[in-house]
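# Geometric and topological summary
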Amino acid sequence: MKTILAIHTGGTISMSQNENGEVVPNSENPIAKEQVILKGQINLITDNLFNLPSPHITPQIMLKLKQRILKAITHGIDGVVITHGTDTLEETAYFLDLTLPNTVPVVLTGAMRSSNEVGSDGLYNFQNAISIAATPESYGKGVLVAMNDEIHTARFVTKTHTTNVDTFRTPTFGPIGIVTQHKAKYFQELIQTEVCDIDHVIEGVYLLKAYAGVNGDLFSALDNEKTRGLVIEGLGAGNVPPQALPAIQKLLDRHIPIVLVSRCYNGVAQKIYDYVGGGIQLEKMGLILCQGLNGQKARIKLLVALSNGKKGAQLHEFVSNAIS
Ligand SMILES: NC(=O)C[C@H](N)C(=O)O
């Protein structure tokens, strides 16, 4: 019989609606007490590690979660399920994907409707996640996200709707599997995973979004001792308005690594344009183009790489490479 560890961290999946219709955290996690469909076929261990709405989750908390999972892997666990608030679920999932060894299935799930709401999706998603974690086909697939009958990779999944249960999508590449009758079926191979172990996380890694007419004001605000790295969500294929460039150049002159992704929902940042602020010129300035990650994922990757002590060409190679 397989032993699966369920780690609960909070989020809507463990909340309830009160008599005023407000969704609030519970002192006791209702999902942890539910009967799960595979009871009798698996040995389920429960750890109520945190009880936090996911906007309260920080990289330091992600690191604690990673350490908890690592301990369980060392003790021979067969699979791990994590329940998590959906707002930052993709960031925690990718943090774990980058920092854990790819040895046992690790599956994150959550809910868009709290535990006592009509049509609540929490228990359903939780059961799916358990069956995915207990499936032999789930080995070697990196950290997975299971929501609404779909299986996504941590690397590319993103929350796309504020309230709809069909919110988690993988733009450009699509999900790698589906769940039917609580059984996982995979139809895409995962591209190679990368592991970058860390024992601490640094501060001072920021994310800014470009927009029409953005100037250097926000970039100049980062010209200080605290700044260790920056991700810019550029326009289109990865372009930035010219007025912002002098302030960006100043950050580069201070040897602050700057990663460029696209603010577009689909597609990857590319070197297409050779005008002032175009991707080709930004790369010549020294920005690192990161293909395929959204801004929040690229920030996690840069944070992990810098926390690991990566610099120069090694940092460049690790951060720029997401799709090969
Ligand atoms: N659906 C959810 O879980 C959203 C909630 N605000 C959270 O992330 O904790």
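Each chain has its residues counted from 1, running along the sequence as written. Two thresholds apply to this predicted model, a pLDDT of at least 70 for residue-level local features and 80 or more for giving and counting side-chain atom pairs, whereas whole-chain, interface and lining totals are computed over all residues. The basis for every side-chain value is the complete set of non-hydrogen atoms in the structure, without hydrogens or water.

Per an unreviewed UniProt entry, the protein chain goes by the name Asparaginase and belongs to Liquorilactobacillus oeni DSM 19972. UniProt positions are given in the numbering used here, feature names are shortened, and annotations may be inferred rather than shown by experiment. In its Sequence similarities (unreviewed entry) section, the UniProt record describing the protein chain reads: "Belongs to the asparaginase 1 family."

So, on to the environment of Pro241. With respect to the secondary-structure elements, Pro241 resides in the loop between strand S14 (229–234) and helix H6 (245–253). For Pro241, a relative accessible area of 9% translates into the label buried. With 37 residues separating them along the chain, Pro241 and Gly278 place their C-alpha atoms 8.3 Å apart. Helix and strand definitions here come from DSSP, where helices need a minimum of 4 consecutive H or I residues and strands a minimum of 2 consecutive E residues; each element is numbered from the N-terminal end. Accessibility here uses a 1.4 Å probe with only protein chains present; expressed as a share of the type maximum, an area under 20% marks a residue as buried, one over 50% as exposed, and anything in between as partly exposed.

Pairing of aromatic side chains requires ring centres within 6.5 Å, counting the rings of Phe and Tyr and the six-membered ring of Trp. Pairs whose planes differ by under 30 degrees are stacked, by over 60 edge-to-face, and all others tilted. Per the counting criterion, the structure on display carries 2 aromatic pairs. Look at Phe156 and Phe173: their rings are 4.5 Å apart centre to centre, the planes differ by 40 degrees, and that puts the pair in the tilted class. Here the residue Phe156 occupies a position in the loop between strand S8 (150–153) and strand S9 (158–159), and Phe173 occupies one in the loop between strand S10 (168–169) and strand S11 (177–180), the gap between them amounting to 17 residues. On the basis of an interplanar angle of 35 degrees and a centroid distance of 5.3 Å, the ring pair of Tyr273 and Tyr275 is categorised as tilted. On the basis of relative accessible area, Tyr273 is assigned to the partly exposed category, the value being 38%. In this structure Tyr275 comes out as partly exposed when scored by relative accessible area, which is 40%. Charges are assigned to positions over rings by a cutoff of 6 Å between ring centre and Lys NZ or Arg CZ, combined with an angular limit of 35 degrees from the ring normal. Sitting over the face of the ring of Phe318, Lys301 holds its NZ or CZ atom 4.8 Å from the ring centroid. For Lys310, the ring lying beneath its charged end belongs to Phe318, and the centroid distance is 5.2 Å.

Moving on: the sheet that holds strand S15 (residues 258–262). The strands making up a sheet associate through hydrogen bonds between their backbones, and the pairing can be parallel or antiparallel. Any two strands with at least two DSSP bridges between them are considered paired. Taken in spatial order, the 4 strands line up as S13-S14-S15-S16 in an open sheet, and their pairing is parallel. Of all strands in the sheet, those bounded by a partner on one side alone are strand S13 (205–209) and strand S16 (288–289). Where S15 meets S16, 2 bridges bridge the pair, whose relative direction is parallel. Looking across to S16, one finds that Val259 is bridged to Ile288.

As a further point, take the pattern of salt bridges. In what follows, salt bridge is the name for a side-chain nitrogen of Lys or Arg lying within 4 Å of a carboxyl oxygen of Asp or Glu. Enumeration over the complete set of coordinates arrives at 9 salt bridges. One salt bridge connects Lys159 with Asp87, and the closest N-O pair in it is separated by 2.7 Å. One end of the pair, Lys159, is in strand S9; the other, Asp87, is in the loop between strand S5 (79–83) and helix H3 (89–99), and 72 residues separate them in sequence. Here Asp87 falls in the partly exposed class, since its relative accessible area comes to 43%. Here Asp166 ties to Arg169 by a salt bridge, and the two come within 2.7 Å at their closest N and O atoms. The exposure class of Arg169 is partly exposed, given its relative accessible area of 34%.

Take the domain arrangement of the protein chain next. For the protein chain, the domain assignment lists domain 1 (2–186) and domain 2 (205–320). An automatic or database domain assignment provides the domain bounds reported here. The gap between the C-alpha centroids of domain 1 and domain 2 is 31 Å. In this description, contact between two residues means that some pair of their heavy atoms is separated by no more than 4.5 Å. Counting residues at the interface gives 17 residues for domain 1 and 14 residues for domain 2. Buried area: the sum, over both parts, of the accessible surface (1.4 Å probe) that disappears when the two are put together. For the pair domain 1 and domain 2, the summed buried surface comes to about 1300 Å²; carbon and sulfur atoms form 66% of the total. Together, Glu91, Tyr94 and Leu98 form the three largest contributors to the area buried by domain 1 at its contact with domain 2, with a combined 35%.

Annotation from UniProt places "active site" (unreviewed entry) at Thr12 and Thr86. Taken together, the annotated residues stretch across 75 residues yet fold into one region, lying no more than 7.6 Å apart by C-alpha. With respect to the helices, strands and loops of the structure, Thr12 is situated in the loop between strand S1 (2–8) and strand S2 (15–17). Apart from residues no more than four positions distant in its own chain, Thr12 is found in contact with Gly85, Ala111, Met112, Arg113, Ser114 and Ser115. Considering the arrangement of structural elements, one finds Thr86 in the loop between S5 and H3. For Thr86, a relative accessible area of 4% translates into the label buried. In this structure Thr86 touches Ser54, Gly110, Ala111, Met112, Met147, Lys159 and Phe168, once residues within four positions along its chain are discounted.

For the rest of this paragraph, the subject is the packing of helix H2 (residues 59–74) against H3. Axis definition: a line fitted to C-alpha atoms, limited for helices to the stretch in contact. Angles are taken between N-to-C directions and run from 0 to 180 degrees. Direction vectors running N to C along H2 and H3 enclose 50 degrees, while the axes themselves pass 10 Å from each other. Classified by the angle their axes make, H2 and H3 are oblique. Relative to H3, the crossing made by H2 is right-handed. Here Pro59, Met62, Leu63, Leu65, Lys66 and Ile69 of H2 come into contact with H3, specifically with Glu91, Thr92, Phe95, Leu96 and Thr99. Relative orientations are named as follows: roughly parallel for angles under 35 degrees, roughly antiparallel for angles over 145 degrees, roughly perpendicular for angles from 65 to 115 degrees, and oblique for any other angle. Each helix crossing is assigned a hand: it is left-handed if the near helix lies turned anticlockwise from the far helix by less than a right angle, otherwise right-handed if that turn is clockwise.

The strand order across the open sheet formed by 8 strands is S4-S1-S5-S6-S7-S8-S11-S12, and the pairing between neighbours is mixed. Unpaired on one side and paired on the other, strand S4 (42–47) and strand S12 (183–186) mark the two borders of the sheet. Ignoring strand direction, the axes of neighbouring strands in this sheet form an average angle of 25 degrees. Relative to S4, S1 runs parallel, the two sharing 6 bridges. Pairing of Lys2 across the sheet is with Ile42, part of S4. Where helix H4 (residues 122–133) meets the sheet, its contacts fall on S1, S4, S5, strand S6 (106–109), strand S7 (143–147), S8, S11 and S12, and the angle it forms with S5 comes to roughly 160 degrees.

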